[in-house]
Amino acid sequence: MIDLLTSYWPFFLEGFTNTLLASAIALIASLLIGSVMAILQLSDQSLVKFLANCYVEFFRNIPLLVIVMFFFIAVPLMGWPLSNFQAGTIGLTLYTSAFIADNVRAGILTIPKGQMEAGLASGLTKSQTMKDIILPQAIRIIIPPLGNQFINLVKNSSILAMVGGLDLMYYGDYVSMETFETIATYVLVGCLYLLITLPITRLVRYLEAKLAYR
């Protein structure tokens, strides 16, 4: 396996870098989109709430591969060209954001309604109360499920291989076909994925313990 890594390290390095980049972009974007959708799902306006619920249910109940293929094949046909990497990352972001929205919404709902009423009574607007009082408490509660979503996101980034996204799995397939060292190649690929997911796991546990202590 060491010889395999030495001989093909430029491929594995590029794949690892692209996987890390796609995961980081999708993580940040899906967290932002998911948080916004969670808040909109709790809106007092029926239309806004309905549209946010439609977004979450739509992307949560469609296979990730279908979403990625839509951006890889259908969107360019509409006149909006996307690179393979962009198509895979956008699909991964939208898919993950739907699950994050559910986590954030569940965390917000665990906060007693009196917190919102107290914030409004003190002169804060509803958005200020949500940002300064509700969300900080909700985040402490949803760190474990969010950590699971982030780890799933990294693993799901292997979907980029299906559209030639030059990620870790894509180059793993390439090296496997070049060398016929199937077992060693995919063991190596798995170890490289662990280099990304294990630090996330440790960070989530650290944050969970620190916030629980506070």
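What counts, and at which threshold
Residues numbered from 1 in each chain as written. Predicted model: local features only at pLDDT ≥ 70, side-chain atom pairs only at ≥ 80, totals over all residues. Heavy atoms only, no water. Helix = DSSP H or I, 4+ residues; strand = E, 2+ residues; numbered from the N terminus. Contact = heavy atoms within 4.5 Å. Lys, Arg positive; Asp, Glu negative; His and termini not counted. Charge placed at Lys NZ, Arg CZ, Asp CG, Glu CD. Salt bridge = Lys/Arg side-chain N within 4 Å of Asp/Glu carboxyl O. Buried < 20%, exposed > 50% of the residue type's maximum accessible area, 1.4 Å probe, protein only. Core = buried A, V, L, I, M, F, W, Y, C linked by side-chain atoms within 4.5 Å. Expected span 1.5 Å × (residues − 1). Bend = angle between axes of the 7 residues up to and from the residue.

**Some words on the overall build of the protein**
1) Next: Along the backbone of the protein there are nine helices and zero strands.
2) Next: The secondary structure elements of the protein, listed N-terminal to C-terminal, are α-α-α-α-α-α-α-α-α.
3) Next: Expressed along its principal axes, the backbone C-alpha trace of the protein runs to roughly 70 × 50 × 20 Å.
4) Next: Sequence separation of 24 or more characterises 72% of the internal contacts of the protein that already satisfy a separation of 6 or more.
5) Next: Across the protein, the 12 positively charged side chains and the 12 negatively charged ones have centroids separated by 17 Å.

**Points about the pattern of salt bridges**
1) Next: Counted by the stated rule, this structure contains four salt bridges.
2) Next: The salt bridge partner of aspartate 102 is arginine 105, with a shortest N-O separation of 3.5 Å. Placement of the pair is aspartate 102 and arginine 105 together in helix 5 (residues 84–110), with a separation of three residues, close to one helical turn.
3) Next: Looking at aspartate 102, the relative accessible area reads 15%, which means it is buried.
4) Next: The exposure class of arginine 105 is partly exposed, given its relative accessible area of 27%.
5) Next: Via salt bridges that share partners, Glu57, Arg60, Asp102 and Arg105 belong to a single interconnected network.

**Digging into the side chain of threonine 197**
1) Next: By secondary structure assignment, the location of threonine 197 is in helix 9 (residues 182–213).
2) Next: Setting aside chain neighbours within four positions, we find threonine 197 in contact with Ile151 and Val154.

**Here's the deal with the nonpolar core**
1) Next: In terms of nonpolar packing, the biggest core is built from 30 residues, with Phe12, Ile108, Leu168 and Ile200 touching the most fellow members.
2) Next: Breaking this core down by element, the ones donating at least two residues are helix 2 (9–41), helix 5, helix 7 (126–156), helix 8 (168–179) and helix 9.
3) Next: At ten residues, the largest contribution of residues to this core is made by helix 7.
4) Next: Membership of the second largest hydrophobic core comes to 24 residues, among which are Ile62, Leu92, Leu153 and Leu160.

**Describing the environment of glycine 147**
1) Next: By the element assignment, glycine 147 lies in helix 7.
2) Next: Leaving out residues up to four positions away in the same chain, glycine 147 has contacts with Ile200 and Val204.

**Some points on helix 7**
Side chains three or four residues apart in an α-helix point the same way, a direct result of the helix having 3.6 residues per turn.
1) Next: Here helix 7 spans only 36 Å end to end across 31 residues, well under the 45 Å set by a 1.5 Å rise per residue.
2) Next: The largest bend along helix 7 reaches roughly 60° and is located at isoleucine 142, with the proline proline 144 sitting one to four residues downstream.

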